[in-house]
Amino acid sequence: MAFRGFGGIATSGLIAAAILWSFATTDVEFSRLLSAGPRIADFFGRMFPPDPTVMAEIKKGSAETLRIAILGTLGAVILSVPLGILASETMVSPAVFRPIRTLLAFIRAIPLILVAMLMVGAVGLGPLPGIIAVAFHATGMLAKFYAEAIDGVSRAPIAALESAGAGPLVRLRYAIWPQMAPVVARDTIFRFELNLRESLILGIVGAGGIGFYIQTYVRSFQYDKAASVTMAVVAMVIAIEAINVALRRRFT
Amino acid sequence: MSTAVEVDDLSFAHTGADLPALERVSFRVSAGESVALLGPSGAGKTTLLALLDGRLQGWSGRVSVLGAPLDPDRPPPSARRPDTGFVFQEFALVERSSVLRNVLNGSLGRMSPLRALLGSPTKHDLEIARTALADCGIADLAERRVDSLSGGQRQRVAIARCLAQEPRLILADEPVSNLDPARACEILALLTGAARTRGATALFSSHQPDLARRFAQRIIGMRDGRIVFDVPTSELNDDATAELYREVGPIPGIGLRAVS
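Rules of the game
- Residues numbered from 1 in each chain as written.
- Chains lettered and ligands numbered in written order.
- Predicted model: local features only at pLDDT ≥ 70, side-chain atom pairs only at ≥ 80, totals over all residues.
- Heavy atoms only, no water.
- Axes fitted to C-alpha atoms, helices over the stretch in contact; angles between N-to-C directions.
- Helix = DSSP H or I, 4+ residues; strand = E, 2+ residues; numbered from the N terminus.
- Parallel < 35°, antiparallel > 145°, perpendicular 65-115°, else oblique.
- Left-handed = near helix turned anticlockwise from the far one by under 90°.
- Nonpolar A, V, L, I, M, F, W, Y, C, P; charged D, E, K, R; others polar.
- Contact = heavy atoms within 4.5 Å.
- UniProt positions renumbered as here; feature names shortened; annotations may be inferred.
- Buried area = accessible area lost by both parts, 1.4 Å probe.
- Salt bridge = Lys/Arg side-chain N within 4 Å of Asp/Glu carboxyl O.
- Polar contact = N/O pair within 3.5 Å; in protein donor to acceptor, adjacent residues only side chain to side chain.
- Pairing = 2+ DSSP bridges.

**Here's the deal with the packing of helix α4 (residues 55-86) of chain A against helix α7 (residues 127-151) of chain A**
Residue and element names in this part refer to chain A.
Stage number 1. Put simply, α4 and α7 touch, their axes get as near as 6 Å, and they point 40° apart. Comparing the axis directions of α4 and α7 gives the class oblique. Crossing geometry of α4 relative to α7 is assigned as right-handed.
Stage number 2. By residue class, the composition of the contact of α4 with α7 is 18 nonpolar, seven polar and one charged.

This is how it looks when you write it as structure tokens:
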């Protein structure tokens, strides 16, 4: 799309100013970039060969990350059912769904890692702050998806049940739920995948899972061990993606 | 004979519409009668039926259904709603649910919300649903999912759901507009027959004069939101029908002609 007229010129000017400002005030020195090559080579050099003796830690960390993702998703589903209903224009009045939607947007705007740090401060180290953080963070998206699933169903069967004298919850159960169930299943699996991926790094702030070992080994300069854990993480991400592709085929 | 529907000087306009959808409509339907609302698209038939079902508010006039007056500002109490059954033009079925489940849905209004949510259907509910399915000739389709059915089969499911509601008044909005003539006759025979055997009143809309004549005892002609005639079927003459469907004049400002 081409920029046109005064608005276009103003927009281009703003973008150029933002780029120049970023260069001028961040110390981007080309000499440092040029000397980075050997340093990175040295870093990778110390990572090889990856130390295979950390298999036990990898297993323990991965299992914990998986548990954080499963329980975090469960928590998000439990929170998202009522919040999704309250954020749906089919089920409640604008006086209810507007503030709830604003609240969900606010939750989505807080990065997971920030929530995790706050939770570590609140409940201490370990997987518990990770689970709470994932549940809280994921609710912002999942409740919105559930509300959209409710609002996306065909209205006619709802009107038919209302005409037959069925109340709102009975309509939700028999007219809305059968229509939205496959959407809810797909959205929940999608969110679980994101949760699993995002929980991989939670250990870096002490909120449990495999990230803890990466951080520990990097801090103690055991790059060969850090390399093994990193490779395990990459393998897990690829595996999650492959499972997701297979699942998506089933739901579309 | 008691009165099932009593409408006096009823007017209604959809929000934002320039012209009223219904203008000073008055008529009466006796209990047990089968009456057809006849008229071209846009005559106000759907609006009138939805209003009698308690789904439209903000009208003026007096309307009373099965002896109880409707409130122009709020829907009727849910306890009264099962008494009025509605067959929707586009069926309004839950596509992913089974035929039996859809028919059982008709009886949900008669239960307490808690039992409707948590309880499985009782023997009594199942018997009513099975009878409705048998009356509509689709007992063998009970376990099929609605999205695997044809249009005619769906219409039978929609009628069966309405019957499972055990209504005393059946309102049907263009119940046969999507069907071929042979199927249309079957469905209307089924609908009016089921109403008769249950002692229920039937009010259905149609834009096909032949079908209205064949299946209604009385015909109410509508055009532009008004009642043009209201006669026993035997007294309906072709001139009146022709008048109902006469070509509409040019619509000012649009430059199109609506043709009957």
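**Focus: the packing of helix α6 (residues 112-123) of chain A against α7(A)**
Residue and element names in this part refer to chain A.
Stage number 1. α7 packs onto α6 with a crossing angle of 140° between their chain directions and a minimal axis gap of 8 Å. Classed by the angle they form, the pair α6 and α7 counts as oblique. Crossing angle aside, the handedness with which α6 passes α7 is right-handed. Along its contact with α6, which presents L112, V115, A116, M119, V120 and V123, the element α7 presents L128, P129, I132, A133, V134, F136 and H137.

**Let's talk about the UniProt feature "domain: ABC transmembrane type-1" (unreviewed entry) in chain A**
Stage number 1. According to UniProt, the "domain: ABC transmembrane type-1" (unreviewed entry) feature falls on residues 62-244 of chain A.
Stage number 2. Helix makes up 81% of residues 62-244 of chain A and strand 0%, and the two end C-alpha atoms of the span are 18 Å apart.

**Some points on the interface of chain A and chain B**
Stage number 1. With 19 residues of chain A at the interface, the matching set in chain B holds 24 residues.
Stage number 2. Summed over both partners, the interface of chain A with chain B buries about 1,600 Å², with 65% contributed by carbon and sulfur atoms.
Stage number 3. The largest per-residue losses of area from chain A upon contact with chain B belong to A:S163, A:A164 and A:Y174, which jointly make up 37% of the total buried on that side.
Stage number 4. Along the contact surface separating chain A from chain B lie zero salt bridges.
Stage number 5. In this assembly, chain A and chain B are joined by three residue pairs in polar contact (both at pLDDT 80 or more).

**As for the sheet that holds strand β1 (residues 3-12) of chain B**
All names here are of chain B.
Stage number 1. Taken in spatial order, the four strands make up an open sheet running β2-β1-β4-β5, and their pairing is antiparallel. Across the chains shown, the open sheet's two edge strands, defined by having one partner strand only, are β2 (22-30) and β5 (68-69).
Stage number 2. Here strand β4 (residues 60-65) runs beside β5; their pairing, made up of two bridges, is antiparallel. When the bridges of β5 are listed, V65 appears paired with A68.

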